[in-house]
Amino acid sequence: MITCSAPGKIYLFGEHAVVYGHSAICCAIDIRTRVQVEKCDSIVIESVLGRTGIDHDIHPYVSRVIEKMQEHAEFKGLRVRVDSKLPVGSGLGSSAAVTVAGIQALNHLFGCGLQLEDIARIGHSIEKEVQGNASPTDTYVSTMGGVVMIPQRRKLQALDCPIVIGNTGRFSSTRELVANVAKLKGEFPEIIDPILEDIGSMSAIAEEYVNRKDYLTIGRLMNVNHGLLDAIGVGGPELSALVYAARNSGATAAKITGAGGGGCMVALADENSAQRIAKAIRDTGAEALITRNTGEGVRLES
Ligand SMILES: Nc1ncnc2c1ncn2[C@@H]1O[C@H](COP(=O)(O)OP(=O)(O)O)[C@@H](O)[C@H]1O
Ligand SMILES: C[C@@](O)(CCOP(=O)(O)O)CC(=O)O
Ligand SMILES: [Mg+2]
């Protein structure tokens, strides 16, 4: 029996724009998904979503992981158990974490000899299939950990400050949000294309401030990024309420993270303000988590 885990992530900059090749800066967080695998007679997938065999409706990611890994190993039966601390469909990269941890667990179980770069690449191909269109960001950062710049796949300095996450509790499907942005972009390219380019430029400019650990400047730019995400239609009243609650209680930055629509926002805090920001978020009726950047990507647990 093998267990592997992989981390979720928050975006400092660049979600959605990165789907069109613009730059993004993404940060692995210390909230993980565990996938346990063992050989057995038939294929069984167990998770919070239910107990199935290969099932592309209920378990699209895990089913594709199993199918893809059949190209690297010969097996008929398999039991896969998923145990995740990441909220599902909330912008924290639960889809990438379950995919990456699943690939690595099967890699170990069958001795396939895949390297981290292979895992990130296979993970990205699965995200593309399920999501319709997907950037390599979530699967790359979940595999490698740390803070990464995409599409360059460059590691940046670790983020040392507390990260506060506010969860609206509303499920939002990344596939749907990515399709909504594509539709708006198709209808009004003269308006939406420059916004996506601006988001990419912001990531490129912010790289230097991330490496200098200048959290005040990073924060000012993240706040601008939030406005641009709102402009392309992936914001909403619940997310904005949490963003302003966080800013009003001392957050250095507060923005949507991930696909948006519902899901989560992220705030950067300092050691003194993190609890206060989390409380302000909880006072609106939403859930709050305090976490940190992790340098550890996918790993073997047992
Ligand atoms: N714990 C889990 N067990 C099984 N599948 C999961 C789990 N977490 C996430 N998934 C898969 O990922 C999908 C959500 O991915 P997505 O819409 O990209 O949102 P996000 O990645 O922001 O959480 C779920 O619908 C499910 O298919
Ligand atoms: C919107 C997007 O940029 C990030 C989606 O992240 P999440 O699935 O909401 O955690 C899509 C992508 O990069 O593939
Ligand atoms: Mg996802």
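Every value quoted in this text rests on a predicted model; they were computed, and no experiment measured them. (Residues numbered from 1 in each chain as written. Chains lettered and ligands numbered in written order. Predicted model: local features only at pLDDT ≥ 70, side-chain atom pairs only at ≥ 80, totals over all residues. Heavy atoms only, no water.)

### With respect to the site of ligand 1
Stage number 1. Looking at ligand 1, there are 18 residues lining it, with Gly89, Gly91, Ser94, Ser95 and Thr174 nearest.
Stage number 2. Serine 94 places a side-chain nitrogen or oxygen 2.6 Å from an oxygen atom of ligand 1.
Stage number 3. Here an oxygen atom of ligand 1 sits 2.9 Å away from a polar atom, N or O, in the side chain of threonine 174.
Stage number 4. In the complex, 91% of the free accessible area of ligand 1, which totals 560 Å², lies under the protein chains.
Stage number 5. Listed by contribution, the elements that provide at least two residues to the shell around ligand 1 are α1 (60-69), β5 (78-84) and α2 (94-110). (Near = heavy atom within 4 Å. Polar contact = N/O pair within 3.5 Å; in protein donor to acceptor, adjacent residues only side chain to side chain. Areas by Shrake-Rupley, 256 points an atom, 1.4 Å probe, with all protein chains shown as cover. Helix = DSSP H or I, 4+ residues; strand = E, 2+ residues; numbered from the N terminus.)

### Some words on the sheet that holds strand β8 (residues 163-167)
Stage number 1. Across the sheet, which stays open at both edges, the four strands sit in the order β9-β10-β8-β11 with antiparallel pairing between neighbours. The open sheet has two free edges, formed respectively by β9 (253-256) and β11 (287-291), since each of these has just one partner strand. Neighbour-to-neighbour, the strand axes of this sheet turn through a mean angle of 20°, independent of strand direction.
Stage number 2. Where β8 and strand β10 (residues 264-268) come together, five bridges link them in antiparallel fashion. Residue pairing in the sheet places asparagine 167 in a bridge with cysteine 264 of β10.
Stage number 3. Along the sheet, helix α7 (residues 215-231) makes contact with β9 and β10, crossing β9 at roughly 25°. (Pairing = 2+ DSSP bridges. Axes fitted to C-alpha atoms, helices over the stretch in contact; angles between N-to-C directions. Contact = heavy atoms within 4.5 Å.)

### Comments concerning the environment of threonine 143
Stage number 1. Along the polypeptide, threonine 143 turns up in helix α4 (residues 137-144).
Stage number 2. Its relative accessible area of 1% is what places threonine 143 among the buried residues.
Stage number 3. When the C-alpha atoms of threonine 143 and alanine 28 are compared, they prove to be 9.2 Å apart, with 115 residues separating the residues in sequence.
Stage number 4. Apart from the residues within four sequence positions on either side, threonine 143 is in contact with Val100, Leu116, Ile119, Ala120, Gly297 and Val298. (Buried < 20%, exposed > 50% of the residue type's maximum accessible area, 1.4 Å probe, protein only.)

### Focus on the pairing of strand β1 (residues 2-13)
Stage number 1. Buried residues dominate β1, accounting for 12 of its 12 residues.
Stage number 2. Note that β1 and strand β2 (residues 24-38) share 11 bridges and pair antiparallel. Within the sheet, the bridge partner assigned to isoleucine 2 lies in β2 and is valine 37.
Stage number 3. For β1 and strand β12 (residues 299-300), the ladder comprises two bridges, and the chain directions are antiparallel. Residue pairing across strands places cysteine 4 opposite leucine 300, the latter belonging to β12.

### A look at the pattern of salt bridges
Stage number 1. Inspection of the entire model under this criterion finds 19 salt bridges.
Stage number 2. Between glutamate 46 and arginine 81 there is a salt bridge, with the nearest N and O atoms lying 3.9 Å from each other. Here glutamate 46, found in strand β3 (residues 43-47), pairs with arginine 81, found in strand β5; they are 35 residues apart in sequence, far enough to count as distant.
Stage number 3. Classification of arginine 81 as partly exposed rests on a relative accessible area of 31%.
Stage number 4. In this structure, lysine 213 engages aspartate 160 in a salt bridge whose closest nitrogen and oxygen atoms are separated by 2.9 Å. Note that lysine 213 is positioned in the loop between α6 (189-212) and α7 and aspartate 160 in the loop between β7 (154-156) and β8, a separation of 53 residues in sequence.
Stage number 5. Given the relative accessible area of 30%, lysine 213 is considered partly exposed. (Salt bridge = Lys/Arg side-chain N within 4 Å of Asp/Glu carboxyl O.)

### Considerations on the UniProt feature "domain: GHMP kinase C-terminal" (unreviewed entry) in the chain
Stage number 1. Cross-referencing UniProt, the feature "domain: GHMP kinase C-terminal" (unreviewed entry) maps to residues 208-285 in the present numbering.
Stage number 2. Helix makes up 56% of residues 208-285 and strand makes up 12%, while its end C-alpha atoms are separated by 36 Å. (UniProt positions renumbered as here; feature names shortened; annotations may be inferred.)

### Quick word on the UniProt feature "domain: GHMP kinase N-terminal" (unreviewed entry) in the chain
Stage number 1. Per the UniProt record, "domain: GHMP kinase N-terminal" (unreviewed entry) is found at residues 61-146.
Stage number 2. Taken end to end, residues 61-146 is 58% helix and 8% strand, and its first and last C-alpha atoms sit 23 Å apart.

### Concerning the packing of aromatic side chains
Here the distance between the centres and the angle between the planes together describe a pair of aromatic rings.
Stage number 1. For the coordinates displayed, the defined rule picks out one aromatic pair.
Stage number 2. An angle of 10° between the planes, with centres 4.6 Å apart, marks the rings of phenylalanine 75 and phenylalanine 110 as stacked. Placement of the pair is phenylalanine 75 in the loop between α1 and β5 and phenylalanine 110 in helix α2, with a sequence separation of 35 residues. Take phenylalanine 75 and phenylalanine 110: they sit in the same class, and that class is buried.
Stage number 3. In this arrangement the basic side chain of arginine 247 is found over the ring face of tyrosine 244, its NZ or CZ atom lying 5.1 Å from the centre. (Phe/Tyr/Trp six-rings, centres within 6.5 Å; stacked < 30°, edge-to-face > 60°. Lys NZ or Arg CZ within 6 Å of the ring centre and 35° of its normal.)

### Remarks on unusual backbone geometry
Stage number 1. Note that the residue after isoleucine 150, namely proline 151, is joined by a cis bond; omega there is 10°.
Stage number 2. Tracing the chain through its elements places proline 151 in the loop between β6 (147-150) and β7.
Stage number 3. The backbone of arginine 153 shows a phi angle near 60°, a positive value even though the residue is not glycine.
Stage number 4. Here arginine 153 shows up in the loop between β6 and β7.

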